[in-house]
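# Secondary and tertiary structure notes
Given next are the chains, with one letter for each unit.
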Amino acid sequence: MTLASTLVPAAISAEMALTVNGAERRIPAGWTLADLLASLELDARTVVIERNGTILRDRASFAKLELAADDSLEIVHFVGGG
Amino acid sequence: MAHADLISPATLTDPQPFTIAGREFRSRLMVGTGKYASNSQMIEAIEASGAEVVTVAVRRVDLDRSKDEAILHHLDPDQYFLLANTAGCFNAADAIRYARLARAAGFNEWVKLEVIGDQQTLLPDTIGLLEATKTLVGEGFKVLAYTNEDLITALRLEDAGAVAVMPLASPIGSGLGMLNPYAIRTIKQRLSVPVIVDAGVGTASDACIVMEQGVDGILMNTGIAAAQEPVRMAAAMKAAVEAGRNAYLAGRMPRREVAVPSSPTTGMLGS
């Protein structure tokens, strides 16, 4: 840990970029997947999420799952179709 | 009227319940949920159709206005059997990915597998379809494979473990009706798994003729959703599927090139 990072409250303002459904988003560093879903007003039970190509099956883990910079998320759901 | 009650269709049971992969369904008509003017119209039409199996598609959540498209806010998963499709997938890998995402939604492990080979006709890529079928069957999916009306492909899909084969009547959304009844009949005669005709039914008579070939069921979307009055068309399709099934079971009279009188030829007045 550098001197600067101990003196500056970096966590408050630090952001990171990731890709959600093909578009870049900037979110506060340290956000969990549950934080992101809450900010998007999405109910985890109604969506399926793929992170970097892997489907996240355990919805109970979303609150602990910390997102990382450059993550690529796909958030999908069921829509009308034939 | 007592006599009419005795012979009403309600008393004529189907000797063979509509069963796929050991699960019995209450209707041989399966319907899609796309292209409706509103969600309430979709629900009304599905109710009028009597369908139990309804198809849905997997798509990205529109993060800017996500409240509109989500279909499960409108469709009770306890009342209907949700069959996810892989519509829009143009190769096996994409179809497999969509199927896995659909299963992760947690309703069932069934998938209506589409691997499309051509943008203009939306005809299936049967090579990719077979490949995806094998992979998904290996992962425990119940695969209902949307295919063309080719017998050999249908046989290969059955060999690969598909629980139902779904040959098209004509291209998706075309409303052209059944273009090749011979091929559909042949597939039905040769396969052990259910044959469900999917796509191309444009109106009730199309559905009736499809069912008269002896197939196990029909899946349709546009034929209902694109009608001027979708709810009424859904009711017509329900009646047509039942009529066609009964006509098949009843066994049609032979075709003849000459007339055969319906009234006695004896007992005519002398001249």
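Heads up: these notes are all about the structure in this document. (Residues numbered from 1 in each chain as written. Chains lettered and ligands numbered in written order. Predicted model: local features only at pLDDT ≥ 70, side-chain atom pairs only at ≥ 80, totals over all residues.)

## Focus: the overall build of chain A
The helix and strand inventory of chain A stands at three helices and five strands. The helix and strand sequence of chain A, counted from the amino end, reads α-α-β-β-α-β-β-β. Counting every position in chain A, which comprises 82 residues, the buried fraction comes to 18%. Within chain A, residue pairs in contact and separated by at least 24 positions form 62% of the contacts whose partners lie at least 6 positions apart. (Helix = DSSP H or I, 4+ residues; strand = E, 2+ residues; numbered from the N terminus. Buried ≥ 20, exposed ≤ 12 C-beta atoms within 10 Å, placed from the backbone. Contact = placed C-beta atoms within 7 Å.)

## Concerning helix H5 (residues 151-159) of chain B
B:Thr153, B:Ala154, B:Arg156, B:Leu157 and B:Glu158 are the residues of H5(B) that are buried. Two residues or fewer after H5(B) comes B:Gly161, characterised by a positive phi angle close to 105 degrees.

## Section: helix H2 (residues 39-49) of chain B
All buried positions along H2(B) are accounted for by B:Met42, B:Ala45, B:Ile46 and B:Ser49. Along the axis of H2(B), the buried residues cluster in a sector spanning 100 degrees; they form a single face. On its buried face, H2(B) is in contact with strand S5 (72-80) of chain A together with strand S3 (29-31), strand S4 (53-60), helix H8 (222-225) and helix H9 (230-250) of chain B. Just beyond H2(B), the residue with positive phi is B:Gly50, at close to 75 degrees. (Arc of directions from axis to C-beta.)

## Things to note about the interface of chain A and chain B
Residue-level contacts link 19 residues of chain A with 27 residues of chain B. When residues of the side of chain A that touches chain B are traced back to their parent elements, those giving at least two are strand S3 (48-51) and S5 of chain A. Ranked by residue count, the leading element in the side of chain A that touches chain B is S5(A), at seven residues. Sheet analysis places S5(A) next to S4(B), joined by five bridges and oriented antiparallel. Looking at S4(B), one finds that A:Gly80 is bridged to B:Val56. (Pairing = 2+ DSSP bridges.)

## A few points about the environment of B:Ser27
Residue and element names in this part refer to chain B. As for its position among the elements, Ser-27 is in the loop between strand S2 (23-25) and S3. When the C-alpha positions of Ser-27 and Val-241 are compared, they lie 9.1 Å apart, and in sequence the two are 214 residues distant. Sequence-distant contacts of Ser-27, defined by excluding residues within four places in its chain, comprise Gly-50, Ala-51 and Glu-52.

## Digging into the packing of H2(B) against H9(B)
All names here are of chain B. Contact geometry of H2 with H9 gives a least axis separation of 7 Å together with a crossing angle of 20 degrees. Put simply, H2 runs roughly parallel to H9. The way H2 lies across H9 gives a crossing that is right-handed. The segment H2 lies against H9, with Gln-41, Glu-44, Ala-45, Ala-48 and Ser-49 engaging Pro-230, Val-231, Ala-234, Ala-235, Met-237 and Lys-238. Its residues placed into classes, the contact of H2 with H9 shows seven nonpolar, two polar and two charged. (Axes fitted to C-alpha atoms, helices over the stretch in contact; angles between N-to-C directions. Parallel < 35°, antiparallel > 145°, perpendicular 65-115°, else oblique. Left-handed = near helix turned anticlockwise from the far one by under 90°. Nonpolar A, V, L, I, M, F, W, Y, C, P; charged D, E, K, R; others polar.)

## A closer look at the nonpolar core
Residues and elements named next belong to chain B. Judged by nonpolar contacts, the single largest core of 85 residues is most densely connected at Leu-113, Ala-145, Val-165, Ile-196, Ala-207, Ile-218 and Met-237. Per element, the largest residue contribution to this core is seven residues, and it comes from helix H3 (residues 92-104). Not counting residues up to four positions away in its chain, the partners in contact with Val-165 are Ala-145, Thr-147, Ala-154, Leu-157, Glu-158, Ile-187, Leu-191, Val-193 and Val-195. (Core = buried A, V, L, I, M, F, W, Y, C linked by C-beta atoms within 7 Å.)

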